[in-house]
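# Working through the structure, step by step
This is what each chain is made of:
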Amino acid sequence: MQKTCSKAVIALGANLKLRGNGPRETLEQSIIAMRDSGLVIRSQSRFFSTPCFPAGAGPDYVNAAISVETDLTPDMVLGVLHDIEREFGRERSQRWGMRTLDLDLVSWDALVLPNQSEYDHWRNLPASAQIQQVPERLILPHPRLQDRAFVLVPMADVDPEWHHPVLDKTVLDMIADLPDEDVAAIVPL
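Bear in mind that the values here come from a model prediction, so they are computed numbers and not experimental data. (Residues numbered from 1 in each chain as written. Predicted model: local features only at pLDDT ≥ 70, side-chain atom pairs only at ≥ 80, totals over all residues. Heavy atoms only, no water.)

### Quick word on unusual backbone geometry
In terms of backbone geometry, most residues other than glycine have negative phi values and most peptide bonds are trans. Looking along the chain, the bond that leaves L113 and enters P114 is cis, with omega of -5 degrees. The amide bond that connects L140 to the next residue, P141, takes the cis arrangement and shows omega of -10 degrees. Within the fold, P141 resides in the loop between α4 (127-130) and α5 (149-158). Phi at R19 takes a positive value of approximately 50 degrees, unusual for a residue other than glycine. For R19, the location among the structural elements is in the loop between β1 (6-14) and α1 (23-36). (Helix = DSSP H or I, 4+ residues; strand = E, 2+ residues; numbered from the N terminus.)

This is the structure in structure tokens:
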């Protein structure tokens, strides 16, 4: 029986130096680590300078995205990403804080996880609760994807026509829905 490969997009970000390397070098090394972990990298975005999120929380970020194919499950890929983050000094002490490396699984084909109801809960969570509550399991697509130019602009380099299974919009549609100043703040390096 032949294994089925799924297509996923991973968002990458960093804004702290690690072992003498700047954020861009850390992202480049993390892409190699993902490939060495068995993820098949199909495309890679440009690197972008992006304002820190939330504003004022630290130095600006370097962000990118990659498209991968894998026969692993989403939870297995998430485990690989968390292992790589730890390898690169990631400490999960503060939500939305500064970090040496952030790897987010943002889409997986047209999959909605764990189910539509729980996805809707996290997508519609008020901003004041988002910083305090963390899901106990993987939510796909990433529930904040449509709100974040720093994810969507790099994602447009690797999978611009990916179709959001809940919002019924492509990556390019979601970018068009964002404020112009948010998109303009994402600058290629």
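### Observations regarding helix α2 (residues 74-87)
When the terminal C-alpha atoms of α2 are compared, their 20 Å separation across 14 residues agrees well with the 20 Å that a helix rising 1.5 Å per residue should span. Along α2, the residues that are buried comprise P74, V77, L78, V80, L81, I84 and E85. Viewed end-on, α2 has its buried residues packed into an arc of 155 degrees, placing them on one side of the element. For α2, the exposed residues lying more than 90 degrees away from the buried face are D75 and R86. The elements touched by buried residues of α2 are β1, α1, β4 (61-70) and β5 (102-108). Of the residues trailing α2, G89 is marked for its positive phi of about 80 degrees. (Expected span 1.5 Å × (residues − 1). Buried < 20%, exposed > 50% of the residue type's maximum accessible area, 1.4 Å probe, protein only. Arc of directions from axis to C-beta. Contact = heavy atoms within 4.5 Å.)

### Focus on the nonpolar core
Membership of the largest hydrophobic core comes to 27 residues, with the highest contact counts inside it found for I10, M34 and L105. Those elements that provide at least two residues to this core are β1, α1, β4, α2 and β5. A per-element tally of this core places α2 first, with 5 residues. What L105 contacts, discounting residues up to four positions off in sequence, is A8, V9, I10, P74, V77, L81, L138, L140 and H142. Counting residues in each nonpolar core, the second largest holds 20 residues, with A11, V106, L145 and V153 among its members. (Core = buried A, V, L, I, M, F, W, Y, C linked by side-chain atoms within 4.5 Å.)

### Details of the pattern of salt bridges
This structure, assessed with the given rule, holds 10 salt bridges. R86 is paired through a salt bridge with D83; the nearest N and O atoms lie 2.4 Å apart. With a gap of 3 residues between them, R86 and D83 both fall in helix α2, about one helical turn apart. Of the residues examined, D83 reaches a relative accessible area of 42% and is grouped as partly exposed. Ionic pairing is found between E118 and R137, a salt bridge with its closest N-O pair at 2.5 Å. (Salt bridge = Lys/Arg side-chain N within 4 Å of Asp/Glu carboxyl O.)

### Details of the pairing of β4
Of all 10 residues that make up β4, 9 are buried, and the element is covered over most of its length. Taken together, the 9 bridges between β1 and β4 define a ladder with antiparallel strand orientation. Directly across from A8, in β4, lies its bridge partner V68. Pairing between strand β2 (residues 40-44) and β4: 4 bridges, direction antiparallel. Within β4, the residue paired with S43 across the bridge is S67. Relative to β4, strand β3 (residues 48-50) is paired through 3 bridges, and the arrangement is antiparallel. Considered in β4, the bridge of S49 is made with V62. (Pairing = 2+ DSSP bridges.)

### Re the side chain of R144
Along the chain, the position of R144 falls in the loop between α4 and α5. Looking at R144, the relative accessible area reads 8%, which means it is buried. Separated by 2.9 Å, the side chain of R144 and the backbone oxygen of W122 make a polar contact. Here the side chain of R144 touches R123 through a polar contact of 2.4 Å, landing on its backbone oxygen. (Polar contact = N/O pair within 3.5 Å; in protein donor to acceptor, adjacent residues only side chain to side chain.)

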